[in-house]
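This is what each chain is made of:
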Amino acid sequence: MGKTTSLTGYIGSSVRRREDERLLDGRGQFVADRAAGAHHVVFVRSTEPHAAIKRIDVSAAEHMPGVVGVFTASDLGICGVPIPTLTTPDPQFTAATSCVLAEQRLPILASDRVHYAGQPIAVVIAEDRYRAEDALEAIEVVYEPRPAVTDPLEALEPDCPVLFDHLDGNEAARLNYSFGDPGAAFAAAATVVTGTYRMNRHGAVPLECRGVLAQFDARRARVEVTTSTQVPHMVRNAICAVTGWSRQEIKVSVPDVGGGFGTKANVYAEEILLALLSRQTGHRLIWVEDRQEHLVASAQGRDQLHRTRLALDGEGHILAWANDFVVDIGAGSLWVAGIIANTAIHLLGPYRIPAADIAGRAALTNKTLVAQYRGAGRPEATFALERSLDAAARELGLTGEEIRRRNLLTDADMPYPRPIPYRDGVPISYDGRDYRACLESVLDALPRDEVTRCAARYPQYRIGYGLASYLEATGRGPHETARMRLLPGGRFEVTAGAASAGQGHETVFAQVAAEALGVPIANVAYVAGDTERLPDGVGTFASRSAILAGSAVHTAAGQLVDLAIDRVARLSGAEHCDIQYADGRFHVAAGHAVSWEELARAIAVGGDQEGGGALDVTAVYRVPTVTWTMGVHAAIVGVHRRTGIVKVLRYAVSHEGGREINSKIVEGQIIGGVAQGVGGALFEHWEYSDSGQPQSTTFAAYHLPLSTDVPRVRVRHLHVDTPVNPIGVRGAGESGTIAVYAALAGAVDDALGGRIHVDSTPISTGELCRALARTAS
C-alpha cells in the first residue's frame, strides 16, 4: 500500500474555529443548560476550617416542602471512603529523587472531622434549587473547633499539631536530588546570591463554574453522568473505584465546558455523589456550583515558597543552583505527585547548570484543596530561577538580557541531557534547537528602546523593562486514544479521549484527520467523546492534547485507510499490494479509483460488501516520553508615580514550538495564558485569616484582570521539528502563563531603578508606594 498523501495541508492552516458560531449565538450546551426536569442538589459545606463534627441534625430539612432527601456519609455508606489518587510517578523517578508520598485520604463527605471551610458534609435533594437552598439553611451542624494550621512552614515543624490522624506529620510529599558538585561550586563562586521567593495562592476561576448532571437508566442498569470536566475517564474510574461498579454501569460524558485550566482536571466529591444518589433515588439530579461556592470549594493552585542560592563565576556563568521549596496543598491534593515533581524538574530551566541541589516538600494545611492549575509548578519554579538570575545580574553589573545570553542553551548544546529521569522514568534530554535564538527573537519583537517611547507617552508612570525565560515538558503520556469511522455518504466522524474545555478540539482534530486522510475538512466532523463512545482515555491537561490526542487521530486515520484497502481489494478483486491510496481515493488500476463515498455505499445494507462490518477504528497512541519547549517573555510596565499601581504597557513572547496545527489557536492559547499570568502577578490572591477562614469569597476581594489590564501581545513562533510524535507537534497550552510573573517582576524592579527586588506575587502595590516614597525623598 502507498502512504497516505494529502494536497490539502490543513495542519498549519488557521482554519476558522468551528465552535465559535455555535457558542457565540447561544447554541452551546453546558451542564446548566440541561437542568430541565432534574431535581436539584446542594451541599452542606463546613463553616469551620478545622473541627470535629459532633452532630448533624437534618430532621427539620427532611420534612420541608419539596425536599426529596438529605444524605450524610453514613446514610450512603461512605464514611472514611477516600477519593482515589490520580497520579504517581514512575518508580525510576521515585528512586532517582527519593520521592516519598504520604497516604492521603480525602473523604467524599466529611463525617467526623472537617479540614477546610467549604468541605462538603451533607447533600440535599429537592424539587428545585430554591427549596434545596431553604432546606440547607435548616440543617444544623455542631462543631468542636480545633486550632487551624495555615502556614506551610509551621505545618512541617515537628511540634505542629498533626491534621490527619492516620499520619504522623503534615508532610504530604517530599523529594530531593543533586548532581555535579554543588558544594565545591558554591565555595569557588565569584558571586552567590540568595533569596526567598513566594508565589501566593490563586487559581483558574473559569467563566463557567463546575456542574454535574446524573441520571439512572433503569433499562440499561447504568448511571449516566454529564460533568464539566477535563478528565471524563478519570471521573469514571474514580466512581468505579468508590462504588465497585463495573465500567458498563457508568457512562461519563462532557458537554460544552466554559474553561478549565486545571481546576476541572480533577475528580471531585460532587461527581461521585451525584452518581451514587441518582442510582439510589432513581431521580435525574443536577448540581451547578455558584460563584461563591467556587471561590471557597473548587481546587486552587500555586502557593509555593522557594529558598534559593545561585552561584556564578565572575563572567556571570552559572556554576551551581540550590533550591529548597515548600508547596502548600491545603487539606490535600490528588495531584500532589505531579505538582511537586513538575516544580523540581523545571527548576533546572533552559540554562547550562552544571551542578544543582534541589529539595521539595508538600505541606498539609487547613485550606481548600489544590489541583494542577495552568503550569502546575512551572511558573513557580521559573519565578524562583529567573528572579535569582535578575538578582545576580544586578550584583554583577549585567543587564537581564546579557546574563541570560551567557547561560541559555544553544544549538551546540542540543540535545541536552539532564542527570535525572522525567516523571515517566525516561532520562531527560532537551530536544530543542537554540534557546538563545528565542532571546534574540523576543528582543527584536520588543526592543528595550521602546522604554523611551513609553516614557514619553506615559509621563505619569515610571517605566521598566523585564525578561524571563521558561522551559516546559509537554505531551505527557502514557497514551491517548481516538476513534474514527466512515459514515454513510463518505464522511467521517472523529472522537478523541482528550476533552475540550475551550481549546478548539472540534477544529484542530478535524484538521489533523482531514490532512491524514487527504480529504476536504468539510467531510470530517469531530464529536465530543464519552466513556461509552471511547472507553479509554486520559484527558486534557499538561499541554498534552495536540500531541497525544492529535497523534491518536493521525494514527486512527492510517488504520482506517488500511482497513478500507482490505475492503476495496475485496470489492475490486485487486491485490492488496496493487492498491494505492492518495488524495482521498483508492487507486486500483490505471484510470480507476474508488472514493470513500463509493466504499460507504458498498458496505451499507444492500451494497456489495454489506456483510463486511463497519469501517470503524479505535487507535491508541503511546508517546515514548515528553517533548520540550521553551520561550522568552519580554514586558514593559509602568508603575504609577503616585499610587504604585502597575500597568502592563507592552508584552512579547517568542517560543520554540513544533508544528502548529492551527496557528491562530496557538496564538490565542498564548495570549490567554499571558492574561492569566498578569492576573496572578498583579491581582489574584486567595487569602486566609490566621484562623483558617477564607477571605476571598467574592470578586470584590478576589481581583481578576480586566481586558484593559492586558496589552496586545506580540507572539513569535520559532518552529523546531520533534521526532517524538508523528505530526511534529509540541505543546503550547501553558507557554503563555509560565514566565509572566518573573517578567513583570523584573520590569517593576527596573522601573524603580533597582530600589526594590520583587520576591512575591501578587506584586504588592503598598510596597511599591513605599519604595516610591523613599525614591522621592
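Residues numbered from 1 in each chain as written. Predicted model: local features only at pLDDT ≥ 70, side-chain atom pairs only at ≥ 80, totals over all residues. Heavy atoms only, no water.

Before going further, it helps to examine the overall build of the protein. Within the protein, the secondary structure is distributed over 22 helices and 30 strands. Taking 28 Å as the expected radius of gyration for a compact globule of 777 residues, we find that the protein reaches 27 Å, a close match to that expectation. The buried share of the protein, taken over its 777 residues, is 61%. For the protein, the proportion of contacts with a sequence separation of at least 24, taken over those separated by at least 6, is 82%. (Helix = DSSP H or I, 4+ residues; strand = E, 2+ residues; numbered from the N terminus. Rg over C-alpha atoms; globule rule 2.2 N^0.38 Å. Buried < 20%, exposed > 50% of the residue type's maximum accessible area, 1.4 Å probe, protein only. Contact = heavy atoms within 4.5 Å.)

When the UniProt feature table is mapped onto this chain, "domain: Aldehyde oxidase/xanthine dehydrogenase a/b hammerhead" (unreviewed entry) is found at residues 25-147. Within residues 25-147, the helical portion is 20% and the strand portion 30%, while the C-alpha atoms at the span's ends are 51 Å from each other. (UniProt positions renumbered as here; feature names shortened; annotations may be inferred.)

Turning our attention to the pattern of salt bridges. With the rule as written, the count across this model stands at 56 salt bridges. Where Asp328 meets Arg201, a salt bridge forms, and the shortest distance between an N and an O atom there is 3.4 Å. Taken together, the positions of Asp328 in strand E15 (residues 318-328) and Arg201 in strand E9 (residues 191-202) put the pair 127 residues apart, joining distant regions of the chain. By relative accessible area, which is 0% here, Asp328 ends up buried. When its relative accessible area of 1% is taken as the criterion, Arg201 is described as buried. A salt bridge links Asp431 to Arg730; the nearest nitrogen and oxygen atoms lie 3.1 Å apart. (Salt bridge = Lys/Arg side-chain N within 4 Å of Asp/Glu carboxyl O.)

Let's shift gears to helix H12 (residues 378-396). Relative to the 27 Å expected for 19 residues at 1.5 Å per residue, H12 spans 27 Å between its end C-alpha atoms, a close match to the ideal helical length. The buried fraction of H12 is high, at 16 of 19 residues. Positive backbone phi, at 75°, marks Gly397, one or two positions downstream of H12. (Expected span 1.5 Å × (residues − 1).)

Our focus in this paragraph is the domain arrangement of the protein. How big an interface is tends to be stated in terms of the accessible area lost upon association of its parts. Along its sequence, the protein is organised into domain 1 (377-475 + 628-774) and domain 2 (478-622). Here domain 1 and domain 2 have C-alpha centroids that lie 40 Å from each other. Taken together, the contacts link 18 residues of domain 1 with 17 residues of domain 2. A combined buried area of about 1300 Å² lies between domain 1 and domain 2, and 61% of that area is made up of carbon and sulfur atoms. It is Gly475, Ile661 and Ile727 in domain 1 that bury the most area against domain 2; as a group they hold 38% of the surface buried on that side. Where domain 1 meets domain 2, there are one salt bridge. (Domains from an automatic or database assignment. Buried area = accessible area lost by both parts, 1.4 Å probe.)

In this section: the nonpolar core. Ranked by size, the top nonpolar core spans 165 residues in total, and within it Tyr430, Trp628, Tyr651 and Leu744 carry the most contacts. When residues of this core are assigned to their parent elements, the largest contribution, nine residues, is made by helix H21 (residues 740-751). Counting the residues that make up this core, at least three belong to each of domain 1 (377-475 + 628-774) and domain 2 (478-622). Every residue in contact with Leu744, bar those within four places of it in the chain, is listed here: Ala635, Val637, Val648, Tyr651, Val678, Ala681, Leu682 and Ile763. One finds Leu548, Val553, Tyr621 and Ile727 within the second-largest nonpolar core, a separate group that totals 54 residues. (Core = buried A, V, L, I, M, F, W, Y, C linked by side-chain atoms within 4.5 Å.)

The subject of this paragraph is the sheet that holds strand E28 (residues 646-657). On the basis of which strands lie adjacent, the open sheet formed by four strands has the order E19-E27-E28-E29 and mixed pairing. In this open sheet, the two strands that pair with only one neighbour each are strand E19 (461-474) and strand E29 (713-719). For this sheet, the mean inter-axis angle between neighbouring strands, taken without regard to orientation, is 15°. The sheet contacts of H21 involve E19, strand E27 (627-640) and E28, and relative to E19 the element is tilted by about 155°. (Pairing = 2+ DSSP bridges. Axes fitted to C-alpha atoms, helices over the stretch in contact; angles between N-to-C directions.)

Confidence in the prediction of the protein, expressed as mean pLDDT, is 95, and 99% of residues score 70 or more. Taken together, the stretch residues 1-7 has pLDDT below 50 and engages in 22 contacts with residues farther than four places along the chain or on a different chain. (pLDDT = per-residue confidence, 0-100.)

In this section: the pairing of E28. Across the 12 residues that make up E28, a large majority, 11, are buried. Bridge count between E27 and E28: 10 bridges; the pairing is antiparallel. In the strand pairing of E28, His633 is matched with Val653. Linkage of E27 to E28, two consecutive antiparallel strands, is achieved through a turn of five residues, within which Gly644 is found at a positive phi near 80°. At this point the chain moves from E28, through helix H19 (residues 663-682), to the parallel E29, and the crossover so formed is right-handed. (Right-handed = clockwise from strand over helix to strand, strands pointing away.)

Next up on the list: the pairing of strand E6 (residues 120-126). With seven of seven residues buried, E6 is to be regarded as a mostly interior element. Strand direction decides the pairing type here: strand E3 (residues 67-72) and E6, joined by five bridges, are antiparallel. Across the sheet, residue Gly69 finds its bridge partner in E6, namely Ile125.

Below, the discussion takes up the packing of aromatic side chains. As enumerated under the stated definition, the model contains 15 aromatic pairs in all. Both rings, one in Tyr197 and one in Phe383, keep their centres 6.0 Å apart while their planes meet at 90°; by these two values the pair is edge-to-face. Here Tyr197 is found in strand E9, whereas its partner Phe383 is found in helix H12, with 186 residues between them in sequence. Judged by centre distance (4.7 Å) and plane angle (45°), the ring pair of Tyr581 and Phe586 falls under tilted. What makes Phe586 buried here is its relative accessible area of 0%. Each residue in the set Tyr416, Tyr422, Tyr430, Tyr435 and Trp628 is aromatic and connected to the rest through ring pairs, giving one cluster. Arg210 extends its terminal NZ or CZ atom over the ring of Tyr268, reaching a point 3.7 Å from the ring centre. Against the face of Phe186 rests Arg309, its NZ or CZ located 4.0 Å from the ring centre. (Phe/Tyr/Trp six-rings, centres within 6.5 Å; stacked < 30°, edge-to-face > 60°. Lys NZ or Arg CZ within 6 Å of the ring centre and 35° of its normal.)

Turning our eyes to something else, we now look at unusual backbone geometry. Pro415 follows Met414 through a cis peptide bond whose omega is -10°. Its place among the elements puts Pro415 in the loop between helix H13 (400-407) and strand E17 (416-421). Following Gly477, the chain continues into Pro478 via a peptide bond in cis, with omega recorded as 10°. You can see Pro478 is positioned in the loop between E19 and strand E20 (479-486). The backbone of Arg302 shows a phi angle near 60°, a positive value even though the residue is not glycine. Structurally, Arg302 can be placed in strand E14 (residues 301-312).

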